[in-house]
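Given next are the chains, with one letter for each unit.
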Amino acid sequence: PDLVVVAIDGPSGSGKSSVARAVASRLRYGYLDTGAMYRAATWWCLDQHVDLTDGERVAATVRAMPLTIGTDPESPGVEVGGTDVSVPIRTTEISTQVSAVATNLEVRAELRRRQREIIGLVGRERGGVVAEGRDITTVVAPDSDVRILLYASEEARLARRSTELHGNASTANVEATRDQIVRRDRDDSTVSSFMQAAPGVTTIDTSDLTLQGSVEAVLDQIASDLGRIR
Ligand code: C5P
């Protein structure tokens, strides 16, 4: 194919963002973090003082969101209306509220439309694109050349997120993280199924893999799906 699309889905803490970004960088492909778009939408609604339980207002606000998302794996910045929101969209405040916005079906339709447009544009520009999220292999780009579900045991995912948020995976910190992660995955699961691979999607278990090991496993899978030798 002259435009290669690599679709990667997985739950939080599966390592999909770091892995997808590193893979895109190695292949010199574009990179699309769709979770960052849902996070930016949540940040924008809160910035506009929109009540997140008012579905119609949330949808209208997201449709008007002036979002620019960076697709260079070396510096994937996120801007809304000229404000750099790369850091604020990663806060606990956004993480605990993002599912309320992401489960709005009109929001999903709007962001899906933008995601497909970006995948086409960036893919053509660079010859390929790695897009990651929860519904890329199933809904956004189900006809992708490579479709991967990054799996990791709950234990492994909690340890990773705890280390990311608190610098270590002590029992207390893992417990503090558990509530957030488990609840978010449960809420997200009501609209997209990313815990089990859909037909034709390859599962890669990263529970016992380092970041580098996961990147190698994904690169191997891509080469095999494209019939290329690494
Ligand atoms: O991947 P990340 O944890 O940054 O995603 C943040 C949130 O965005 C998820 O918890 C989910 O609610 C939403 N999301 C989604 N569909 C995607 C990507 C993310 O609903 N394709």
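Residues numbered from 1 in each chain as written. Predicted model: local features only at pLDDT ≥ 70, side-chain atom pairs only at ≥ 80, totals over all residues. Heavy atoms only, no water.

Visitor: Go over the pattern of salt bridges with me, naming the residues and quoting the values.
Guide: This model, assessed by the stated rule, comprises 15 salt bridges. Arg26 is the partner of Glu216 in a salt bridge, and the nearest nitrogen-oxygen pair spans 3.2 Å. Taken together, the residues Glu216 in helix α9 (residues 211–226) and Arg26 in helix α1 (residues 16–27) connect sequence positions 190 residues apart. On the accessibility criterion, Glu216 (27% relative accessible area) is partly exposed. Between Arg178 and Glu154 there is a salt bridge; the shortest N-O distance is 3.2 Å. Taken together, the residues span a long stretch of sequence, with Arg178 in helix α8 (residues 171–189) and Glu154 in helix α7 (residues 154–166) at a distance of 24 residues. Glu154 gets classed as partly exposed once you look at its relative accessible area, which sits at 38%. Salt bridges sharing partners connect three or more residues here, namely Glu110, Arg113, Arg114 and Glu117. (Salt bridge = Lys/Arg side-chain N within 4 Å of Asp/Glu carboxyl O. Helix = DSSP H or I, 4+ residues; strand = E, 2+ residues; numbered from the N terminus. Buried < 20%, exposed > 50% of the residue type's maximum accessible area, 1.4 Å probe, protein only.)

Visitor: Hey, could you go over the packing of helix α2 (residues 34–47) against helix α5 (residues 105–126) for me, with residue numbers and the actual values?
Guide: Running from N to C, α2 and α5 cross one another at 135 degrees; their axes reach a closest spacing of 11 Å. In terms of orientation, α2 and α5 fall into the oblique class. In the packing of α2 onto α5, the handedness of the crossing is right-handed. Every residue of α5 that contacts α2 at Thr34, Met37, Tyr38 and Ala41 is listed here: Val107, Arg108, Leu111, Arg114, Gln115 and Ile118. (Axes fitted to C-alpha atoms, helices over the stretch in contact; angles between N-to-C directions. Parallel < 35°, antiparallel > 145°, perpendicular 65-115°, else oblique. Left-handed = near helix turned anticlockwise from the far one by under 90°. Contact = heavy atoms within 4.5 Å.)

Visitor: Which residues make up the pairing of strand β7 (residues 146–151), and what values go with them?
Guide: Buried residues dominate β7, accounting for 5 of its 6 residues. Inspection of the sheet shows β7 paired to strand β8 (residues 202–205) by 4 bridges, in the parallel sense. Each bridged residue has a counterpart across the sheet, and for Tyr151 the counterpart in β8 is Asp205. (Pairing = 2+ DSSP bridges.)

Visitor: Break down the site of the ligand for me, with residues and values.
Guide: By nearness alone, 15 residues border the ligand, and Arg39, Arg108, Asp135, Arg184 and Asp188 come closest of all. In this structure, an oxygen atom belonging to the ligand sits 2.7 Å away from a side-chain N or O atom of Arg39. One of the side-chain nitrogen or oxygen atoms of Asp188 is found 2.5 Å away from an oxygen atom of the ligand. Taking 460 Å² as the accessible area of the ligand by itself, protein coverage stands at 98%. At the level of secondary structure, the elements contributing two or more residues to the shell around the ligand comprise α2, α4 (92–102) and α8. A total of 4 residues in the shell around the ligand trace back to one element, the largest contributor, which is α2. In the shell around the ligand, the residues fall into 3 nonpolar, 4 polar and 8 charged. (Near = heavy atom within 4 Å. Polar contact = N/O pair within 3.5 Å; in protein donor to acceptor, adjacent residues only side chain to side chain. Areas by Shrake-Rupley, 256 points an atom, 1.4 Å probe, with all protein chains shown as cover. Nonpolar A, V, L, I, M, F, W, Y, C, P; charged D, E, K, R; others polar.)

Visitor: Let's hear about unusual backbone geometry: which residues, and what values?
Guide: The residue Arg28 is not glycine, and still its phi comes out positive at about 60 degrees. Relative to the elements of secondary structure, Arg28 occurs in the loop between α1 and β2 (30–33). Even without being a glycine, His49 presents a positive backbone phi close to 55 degrees. Residue position: His49 is located in the loop between α2 and α3 (55–63).

Visitor: So, the sheet that holds β2: which residues are in play, and what are the values?
Guide: Read across the open sheet, the 5 strands follow the order β2-β6-β1-β7-β8; overall the sheet is parallel. Edge strands, defined here as strands with exactly one partner in the open sheet, are β2 and β8. Each adjacent strand pair in this sheet contributes to an overall mean axis angle of 20 degrees, direction not counted. Across 6 bridges, strand β1 (residues 4–9) lies against strand β6 (residues 128–133) in parallel orientation. Bridge pairing in β6 links Val4 to Gly128. Along the sheet, α1 contacts β1, β2, β6 and β7; its crossing angle with β6, the most-contacted strand, is approximately 180 degrees.

Visitor: Give a detailed account of the UniProt feature "binding site: ATP" (unreviewed entry) in the chain, specifying residues and quantitative values.
Guide: The UniProt record marks Gly10, Pro11, Ser12, Gly13, Ser14, Gly15, Lys16, Ser17 and Ser18 with the feature "binding site: ATP" (unreviewed entry), using the residue numbering of this structure. Along the chain, the position of Ser12 falls in the loop between β1 and α1. When sequence neighbours within four positions are dropped, the list of residues in contact with Ser12 reads Arg134, Arg157, Arg161, Ile181, Arg184 and Asp185. Summarising the element assignment, Gly15 is placed in the loop between β1 and α1. (UniProt positions renumbered as here; feature names shortened; annotations may be inferred.)

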